[in-house]
Amino acid sequence: MLELRPNCEWCDKDLPPNAGDARICTYECTYCAHCVETVLHNVCPTCGGGFAPRPIRPKNAYRDRPKLGLVNNPASTDRVHSKFTEAEVAEMTEKLRKVASRDR
């Protein structure tokens, strides 16, 4: 199950569970759409993969089994920040941004 991290790992913008501008990579690194488009250029600084919109978890449980929804499976409150420097991100981005994510 997705952690639903609460913030952009680059600019620290709040990304609540219903944020339409949250983007994740296959390892769930989480960034806002603005940083993905303007800083990262769709290159995850951790794995080199691309990003997709993060799904929005429903607030309520609409079935009895299993118990789903944010009410039973809340989002994480642990803020995560990129461990990479601007130079390291720029180097990875420059190396991979012109390669389609499916070909990386």
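As the structure is a prediction and not an experimental result, all values here were calculated from the model.

Just checking my understanding: could you explain unusual backbone geometry for this structure?
Generally, phi is negative for residues other than glycine and the peptide bonds are trans, each holding for most cases. A cis amide bond, omega -15°, links R65 with the succeeding residue P66. Relative to the helices and strands, P66 resides in the loop between β3 (52–53) and α2 (86–96). Positive phi is not limited to glycine here, since L4 has a value of about 55°. Relative to the assigned elements, L4 resides in the segment before β1 (22–24). You can call L4 buried: its relative accessible area is 2%. A positive phi is found at E28, a non-glycine position, where the angle reads about 75°.

How do you make sense of the pattern of salt bridges when you look at a structure like this?
Side chains that differ in sign of charge can pair as their charged atoms come close. A full pass over the atoms with the stated rule returns five salt bridges. A salt bridge links R5 to E9, with the shortest nitrogen-to-oxygen separation between them at 2.8 Å. On the accessibility criterion, R5 (12% relative accessible area) is buried. On the basis of relative accessible area, E9 is assigned to the buried category, the value being 6%. One salt-bridge network, held together by shared partners, links E3, R5 and E9.

Reading the values: rules and limits
- Residues numbered from 1 in each chain as written.
- Predicted model: local features only at pLDDT ≥ 70, side-chain atom pairs only at ≥ 80, totals over all residues.
- Heavy atoms only, no water.
- Helix = DSSP H or I, 4+ residues; strand = E, 2+ residues; numbered from the N terminus.
- Buried < 20%, exposed > 50% of the residue type's maximum accessible area, 1.4 Å probe, protein only.
- Salt bridge = Lys/Arg side-chain N within 4 Å of Asp/Glu carboxyl O.

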